[in-house]
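# Architecture and fold: a report
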Amino acid sequence: MSTAGGTAAASGWRGFLESPVVGMAPWIIFSLLVGPGRFEISVALALACSVALVLLGRVARRGSSWKLLELCDVGFFAGLAVVGALASEGTLHWLETYAGEVSNIALTLIAFGSMAFRTPFTLQYAREQVDPALWDTPAFLRTNYVITGVWGLAFLVAALAGGYGDLVLHNPDNLWTGWIIQILAIVAALRFTEWYPEVVRARTRRDTGRPGPDPPPVSDLLLPLASLLVPIGIAVLVFDNMWWLGAALVVAGTLLTKALRRPGTGAAPSA
């Protein structure tokens, strides 16, 4: 039983590490935590996460390729750690204010740059999860271009929101630009990464005449975002002066969540 348990654990680790979302974890940690007085701890946590992912990847993914995103993780945050350690007080203040935007812009460039060089960064992860015979098929390649593009857009939205909060509102900790918009963009990309491949697989089965479930509806994609409106509304009620908006978000989130759960819930596949 111990051998079986160890094998299952190793398989679980491999599955966890084979997701491109894992490679983005250090950037997500950093972009959400960085701010005035939090630069050093944000860099330290992101760098520790980056190194841990590389080391775990070598152990759990024997024979796998080095991942572009993981190498960029270590290089970027190691560089920031060195700069932060040597920076003057003025430079450190600038980094505390704008490092979140810098990291989001860097990720946007990695995403769209990898697409420009015909190697979307999600491709390296996806190839370790499918049969090599599928690696060069149009559907597989198109899926990775789409998912990588969505992540690029998500981090671009996060960069623009953070930049607006810093440069226009002069408030890096603004509830909307510093937290809500950025979190929604990341959650949307996370959910799309799970939802879209299922859609492609179901459509491929249907087009080739093989049996299987129908493509998941768009409501499956939107449901987690609708559910987020409730905690966002509570946060607005607690931390913002617009109590009416917080109450409206709680009500809207509750109603939308119920509405999106109705279509197809428990329904049998059509004949």
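Scoring rules and cut-offs
Residues numbered from 1 in each chain as written. Predicted model: local features only at pLDDT ≥ 70, side-chain atom pairs only at ≥ 80, totals over all residues. Heavy atoms only, no water. Salt bridge = Lys/Arg side-chain N within 4 Å of Asp/Glu carboxyl O. Buried < 20%, exposed > 50% of the residue type's maximum accessible area, 1.4 Å probe, protein only. Helix = DSSP H or I, 4+ residues; strand = E, 2+ residues; numbered from the N terminus. Phe/Tyr/Trp six-rings, centres within 6.5 Å; stacked < 30°, edge-to-face > 60°. Axes fitted to C-alpha atoms, helices over the stretch in contact; angles between N-to-C directions. Parallel < 35°, antiparallel > 145°, perpendicular 65-115°, else oblique. Left-handed = near helix turned anticlockwise from the far one by under 90°. Contact = heavy atoms within 4.5 Å. Nonpolar A, V, L, I, M, F, W, Y, C, P; charged D, E, K, R; others polar. Expected span 1.5 Å × (residues − 1). Bend = angle between axes of the 7 residues up to and from the residue. Lys, Arg positive; Asp, Glu negative; His and termini not counted. Core = buried A, V, L, I, M, F, W, Y, C linked by side-chain atoms within 4.5 Å. Polar contact = N/O pair within 3.5 Å; in protein donor to acceptor, adjacent residues only side chain to side chain.

Oppositely charged side chains are able to pair whenever their charged atoms sit close together. Enumeration according to the criterion identifies 5 salt bridges in this entry. The closest approach of N and O atoms between D136 and R127, which form a salt bridge, is 3.6 Å. Since its relative accessible area comes to 60%, D136 is described here as exposed. Its relative accessible area of 28% is what places R127 among the partly exposed residues. For E194, the salt bridge identified is with R191, shortest N-O distance 3.0 Å. Taken together, the positions of E194 and R191, both in helix α9 (residues 175–207) and 3 residues apart, correspond to about one turn of that helix.

In this model, R118 sits at a positive phi of 60 degrees, which is unusual for a non-glycine residue. Along the chain, the position of R118 falls in the loop between α6 (89–116) and α7 (122–126). In this structure, H170 is a non-glycine residue whose phi angle is positive, near 55 degrees. Overall, the relative accessible area of 63% leaves H170 in the exposed class.

What follows covers the packing of aromatic side chains. Under the definition given, this model contains 9 aromatic pairs. Each ring, one from F30 and one from F39, has its centre 6.4 Å from the other, and the planes form 80 degrees; the classification is edge-to-face. The same class applies to F30 and to F39, which are both buried. A ring pair is formed by F192 and Y196, whose centres lie 5.1 Å apart and whose planes are at 10 degrees; its orientation type is stacked.

Our next topic: the packing of helix α3 (residues 25–33) against α6. Packing of α3 against α6 leaves a shortest axis separation of 8 Å and a crossing angle of 150 degrees. On the basis of their axis angle, the class for α3 and α6 is roughly antiparallel. Pair α3 / α6 crosses with left-handed handedness. Counting all contacts with α3, which are made through W27, F30 and S31, the residues of α6 involved are A99, G100, S103, N104, A106, L107 and I110. Here the contact of α3 with α6 is built from residues that sort into 6 nonpolar, 4 polar and no charged.

What follows deals with α6. Its 28 residues give α6 an end-to-end C-alpha distance of 38 Å, which sits within 8% of 40 Å, the value for a rise of 1.5 Å per residue. For α6, the principal kink sits at Y98 and spans about 60 degrees. Positive phi appears at R118, one or two residues downstream of α6, with a value of about 60 degrees.

All right, on to the side chain of D166 then. Looking at the secondary structure, you find D166 in helix α8 (residues 138–168). Nearest to the buried, unbridged D166 among oppositely charged side chains is R38, at 8.9 Å. Those residues in contact with D166 that lie beyond four places of it in its chain are T97, Y98, E101, N171 and P172.

Inspection of the secondary structure assignment puts W27 in helix α3. Residue classification places W27 among the buried residues on the basis of a relative accessible area of 1%. Along the sequence, W27 and G100 sit 73 residues apart, while their C-alpha atoms lie 9.0 Å from each other. In this view, W27 contacts L69, C72, D73, F76, F77, S103, A106, L107 and I110; residues no more than four positions away in its chain are not counted.

It is at 7 Å that the axes of helix α10 (residues 218–239) and helix α11 (residues 243–261) come closest, and there the two elements cross at 155 degrees. As far as their axial angle goes, α11 and α10 are roughly antiparallel. Here α10 runs over α11; the crossing is left-handed.

Within the largest apolar cluster, 35 residues are counted, with the highest numbers of intra-cluster contacts made by W27, F30, F39, L69, L80 and W151. Per element, the largest residue contribution to this core is 8 residues, and it comes from α9. Beyond its immediate chain neighbours, meaning those up to four positions away, W151 contacts V21, M24, F121, I186, A189, L190 and T193. Formed by 7 residues, the second largest nonpolar core is a distinct cluster that contains L175, I180, L229 and L249.

Moving on, we get to α9. Between the first and last C-alpha of α9 there are 46 Å, a value that for 33 residues agrees with the 48 Å anticipated at 1.5 Å per step. Along α9, the helix axis deviates most sharply at F192, where the bend reaches about 25 degrees. Among the residues of α9, the N-terminal cap falls to N174, whose side-chain oxygen and the backbone nitrogen of W176 are separated by 2.9 Å. Note on α9: the residue one or two positions beyond its end, G209, has a positive phi of about 75 degrees.

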